[in-house]
Amino acid sequence: VCSSDLKVKTNSEFLNIVYLGNARIEKGFCLLAEAITCLNAKSSGQLRFEIQAGNFSGGNNCPVRIEVEKLKKIPQVTIHDKVLSSEEYEGLLSRADIVLLPYIGSQYKSGTSGICSEAIASAKPVVVPVDTWMEDQLKKFGEGSSFSINKDNSLSEAIEDVISRYNEIERSEEHTSELQS
């Protein structure tokens with residue numbers, strides 16, 4: 001259930017929310033269209049989404065392919081459906097205001113994520129699953145929010161939490177970088 005209005009707090013025209021990496025079920029790819037649709041229903045058009053969806057296989061009934069088709073129907077979504085070069089990947093990460101890591105596979109309870117490390121090192125707020133190595137990294141070194149894969153709408157609620165605190169997070173990151181200079 002997507003209820004209430006979402007107040008997007010940003011100094012720019014829109015927030016760019018990004019999913020990086022291979023489009024795979026265990027990386028939560030098939031959660032994206034529902035969460036994005038819910039967020040768009042609440043927002044006033046200030047959200048954009050860039051989704052890396054290259055490097056997957058499967059026929060017409062492949063869940064990832066079905067999700068890509070759903071995402072292509074959402075006007076605020078840009079799909080990157082080819083394998084990205086290092087430069088393209090870095091560009092996508094640099095354009096991100098928020099990085100989504102909606103991983104649902106059990107291997108991520110203790111498994112690491114290079115994308116999570118890169119996002120946090122780049123001072124990007126992240127959305128990660130609870131009770132994982134990624135959430136530990138978020139709590140120690142980053143900004144963002146976590147979601148439970150066992151709770152309906154938890155992913156969209158976690159993204160909404162980051163959106164509602166975005167200006168505060170951005171100011172905190174600017175202050176940290178000033179101290180490090």
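Our subject is the structure that appears above.
A. Focus on the environment of Gln52. Along the polypeptide, Gln52 turns up in strand S2 (residues 47-52). For the pair Gln52 and Ala23, spaced 29 residues apart in sequence, the C-alpha separation works out to 7.0 Å. With sequence-adjacent residues up to four places away left out, Gln52 is seen in contact with Tyr19, Leu20, Gly21, Ala23, Phe29, His80, Leu84, Tyr89 and Leu92. Separated by 2.8 Å, the side chain of Gln52 and the backbone nitrogen of Gly21 make a polar contact.

B. A look at the packing of aromatic side chains. On inspection of all chains with the given rule, the structure shows 2 aromatic pairs. Measuring from ring centre to ring centre gives 5.4 Å for Tyr19 and Phe29, while their planes differ by 70°; the resulting arrangement is edge-to-face. A residue pair is termed long-range when its members are at least 10 positions apart, and Tyr19 in strand S1 (residues 15-19) and Phe29 in the loop between S1 and helix H1 (32-42) qualify at 10 residues. The exposure classification of Tyr19 matches that of Phe29, with both residues buried. Relative to Tyr108, the ring of Tyr103 has its centre 4.5 Å away and its plane inclined at 55°; by these criteria the two rings are tilted. Taken as a pair, Tyr103 and Tyr108 share a single burial class, namely buried. For Arg48, the ring lying beneath its charged end belongs to Phe14, and the centroid distance is 5.0 Å.

C. Quick peek at H1. Most of H1 sits out of view: 8 of its 11 residues are buried. The set of residues buried in H1 consists of Leu32, Ala33, Ala35, Ile36, Cys38, Leu39, Asn40 and Lys42.

D. Geometry of unusual backbone geometry. One non-glycine residue, Asp131, lies in the positive phi region at around 55°. Counting through the fold element by element, Asp131 comes out in the loop between strand S5 (126-129) and helix H5 (133-141). For Asn153, which is not a glycine, the phi torsion comes out positive at approximately 65°.

E. Representation of the packing of H1 against helix H2 (residues 63-72) in the model. At a closest axis distance of 9 Å, the pairing of H1 and H2 adopts a crossing angle of 20°. One way to sum up the angle between H1 and H2 is to call them roughly parallel. Seen along the crossing, H1 lies across H2 with a hand that is left-handed. Contacts between H1 and H2 involve Leu32, Ala33, Glu34 and Ile36 from the first element and Glu67, Lys70 and Leu71 from the second. Grouping the amino acids of the contact of H1 with H2 by side-chain chemistry returns 4 nonpolar, no polar and 3 charged.

F. Fine view of the packing of helix H4 (residues 114-121) against H5. Running from amino to carboxyl end, H4 crosses H5 at an angle of 10°, the nearest separation of the two axes being 10 Å. Considering their axes alone, H4 and H5 lie roughly parallel with respect to each other. Note on element contacts: H5 touches H4 through Trp133, Met134, Gln137, Leu138 and Phe141, opposite Cys116, Ser117 and Ile120. Residues that form the contact of H4 with H5 fall into these classes: 6 nonpolar, 2 polar and no charged.

G. Here's a closer look at the pattern of salt bridges. Under the counting rule described, the total for this entry stands at 9 salt bridges. Glu160 is paired through a salt bridge with Lys42; the nearest N and O atoms lie 2.5 Å apart. Residue Glu160 is located in helix H6 (residues 154-164), and its partner Lys42 is located in helix H1; the two are separated by 118 residues in the primary sequence. Glu67 is paired through a salt bridge with Lys70; the nearest N and O atoms lie 3.8 Å apart.

H. Molecular detail of the pairing of strand S3 (residues 77-80). Where S2 and S3 come together, 4 bridges link them in parallel fashion. Across the sheet, residue Phe49 finds its bridge partner in S3, namely Val77.

What counts and what doesn't
- Residues numbered from 1 in each chain as written.
- Predicted model: local features only at pLDDT ≥ 70, side-chain atom pairs only at ≥ 80, totals over all residues.
- Heavy atoms only, no water.
- Helix = DSSP H or I, 4+ residues; strand = E, 2+ residues; numbered from the N terminus.
- Contact = heavy atoms within 4.5 Å.
- Polar contact = N/O pair within 3.5 Å; in protein donor to acceptor, adjacent residues only side chain to side chain.
- Phe/Tyr/Trp six-rings, centres within 6.5 Å; stacked < 30°, edge-to-face > 60°.
- Buried < 20%, exposed > 50% of the residue type's maximum accessible area, 1.4 Å probe, protein only.
- Lys NZ or Arg CZ within 6 Å of the ring centre and 35° of its normal.
- Axes fitted to C-alpha atoms, helices over the stretch in contact; angles between N-to-C directions.
- Parallel < 35°, antiparallel > 145°, perpendicular 65-115°, else oblique.
- Left-handed = near helix turned anticlockwise from the far one by under 90°.
- Nonpolar A, V, L, I, M, F, W, Y, C, P; charged D, E, K, R; others polar.
- Salt bridge = Lys/Arg side-chain N within 4 Å of Asp/Glu carboxyl O.
- Pairing = 2+ DSSP bridges.

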